[in-house]
Amino acid sequence: MATAEMKFTKGALDDAAHTGGQATRYRDPRYPNLYLEVGARSKTWRFRKFWKGQNFTETLGTWPQMSVVEAAQEAAVRSDGIEEKGVLIKDSGPRNAPEITLRLALEQHVTKALDPRQRSVSAETAAGYAAMLRLHTPRWLDMLITDITRQMVNEKIKAMSNKPTTASGLLRALGAIYGTQLAYRDDGYEHDPTYRVKGYEARTRELLFDEAKRWPAMDAISKVPNMTRRAAWLALLFTGFRMSNIRSLRWQDIDFDEGMLTLERMKNGLKRTFPLSDAALDVFRLTPRTHDKIVFEGRHYGKSITGLRQIDLEGQDVNNGGVLRPHDTRHLFSSAAAKAGLSGPVINWMRVDVTIMQGAAGRYMHDLGSHADANAIAKQIVAKCGSYSAVEELLRRA
């Protein structure tokens, strides 16, 4: 492969062309041991050094994810290391860890294939991980997990800076897969390319309304056109549950005679039963029963509702400028509980928090709330939201 010379400037690097063959190699005399190999699809930084009769070549990263300054600095570090310790010849023999692909590692993570003591992974989580990898790292799926490097992961996360939430989700998925390999294999496997790779800070979820003023929740919910979606918003408001809990509700989970509701699986996988307020019971009684199992059925038969993200004062789904999100309903429920004089542990228990109290004491707390507590919270919600007092009226508005 012939090597052409060029100045490694941004413009020149962007315009560097692939002239045929497997790759076209460029070098800048100002940066010893650093080369840019331009292929049909990518531009890759290579470190190359001839030392005491031996050649050493290693991939550093890709342009533009890795800048020329970063590549030159990394090449200098590698060069100094070789001069100090010599060329490290990679062992071409079998590795200590069995050679498995990322696809197989994902399957082992979600199916308890390595150890029956593995934590159970829900079908939704397994499907989400698979979709995430297929969409963002399709070529990695058939790579050996020991060939996926920290540099590759770091470059991928940096390249997704315009999608920070998705990037952090991808990093969590990879971390979980490699964490399972580290935890359950007993063959000396120690490779984790996600170690010390930084994700992005979670976006803050500020309230869409002024908490000091009257809460606009009832006004907005009363104008939601679809009655099932309107009922789902009210259920969120009067229970303080997460959206995932509302979507997974089944009619068999609700005991109308006792006024109780059972969540088969909370965020931590546990099961818990909660008392319902009279307002919440009215919501479930008046919810259109279009399905024998699913409480809040969506547009497709047998599928739960989706898309309860944000509504405006006219009850319309919007991307920006709304006044209510599912997150806000949990905040309203908590604020109303505090106004009703309930203690912190009771509020945490009523709003389906996994950790009720600090330390071991929280694991021994059961049935902290009561129907009286639920009704006291509902009363505060209605008082703060305005004049609407009857759920029946809300669910019969056009």
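Every value quoted in this text rests on a predicted model; they were computed, and no experiment measured them. (Residues numbered from 1 in each chain as written. Predicted model: local features only at pLDDT ≥ 70, side-chain atom pairs only at ≥ 80, totals over all residues. Heavy atoms only, no water.)

Visitor: Looking at this model, I keep getting lost on the packing of aromatic side chains. Mind explaining?
Guide: Given two aromatic rings, one states the distance between the centres and the angle between the planes to describe the pair. Using the criterion set out here, one finds 6 aromatic pairs in the structure. Aromatic side chains Trp45 and Trp63 sit 6.5 Å apart centroid to centroid with 85° between the ring planes, which places their arrangement in the edge-to-face category. Here Trp45 is found in strand S4 (residues 43-51), whereas its partner Trp63 is found in strand S5 (residues 54-63), with 18 residues between them in sequence. Measuring from centroid to centroid gives 6.2 Å for Phe284 and Phe296, while their planes differ by 45°, and the two rings are tilted. Taken together, the residues Phe284 in helix H10 (residues 278-286) and Phe296 in the loop between H10 and helix H11 (326-339) connect sequence positions 12 residues apart. Assessed through its relative accessible area of 0%, Phe296 is described here as buried. (Phe/Tyr/Trp six-rings, centres within 6.5 Å; stacked < 30°, edge-to-face > 60°. Helix = DSSP H or I, 4+ residues; strand = E, 2+ residues; numbered from the N terminus. Buried < 20%, exposed > 50% of the residue type's maximum accessible area, 1.4 Å probe, protein only.)

Visitor: Sorry, what's going on with the side chain of Arg272 here?
Guide: As for its placement among the helices and strands, Arg272 is situated in strand S8 (residues 272-275). Asp353 provides the closest opposite charge to the buried, unpaired Arg272, separated from it by 7.4 Å. (Lys, Arg positive; Asp, Glu negative; His and termini not counted. Salt bridge = Lys/Arg side-chain N within 4 Å of Asp/Glu carboxyl O.)

Visitor: When you look at the packing of helix H5 (residues 150-159) against helix H6 (residues 164-184) in this model, what are you seeing that I'm missing?
Guide: The geometry of a pair of packed helices is captured by two quantities: the angle between their axes and the separation between those axes. One can describe the packing of H5 onto H6 by two numbers: an axis separation of 9 Å at closest approach and a directional angle of 155°. Judged on the interaxial angle alone, H6 and H5 are roughly antiparallel. H5 and H6 meet at a crossing whose hand is right-handed. Residues Val153, Lys156 and Ile157 of H5 touch H6, and the partners they reach there are Ala167, Leu170, Leu171 and Leu174. (Axes fitted to C-alpha atoms, helices over the stretch in contact; angles between N-to-C directions. Parallel < 35°, antiparallel > 145°, perpendicular 65-115°, else oblique. Left-handed = near helix turned anticlockwise from the far one by under 90°. Contact = heavy atoms within 4.5 Å.)

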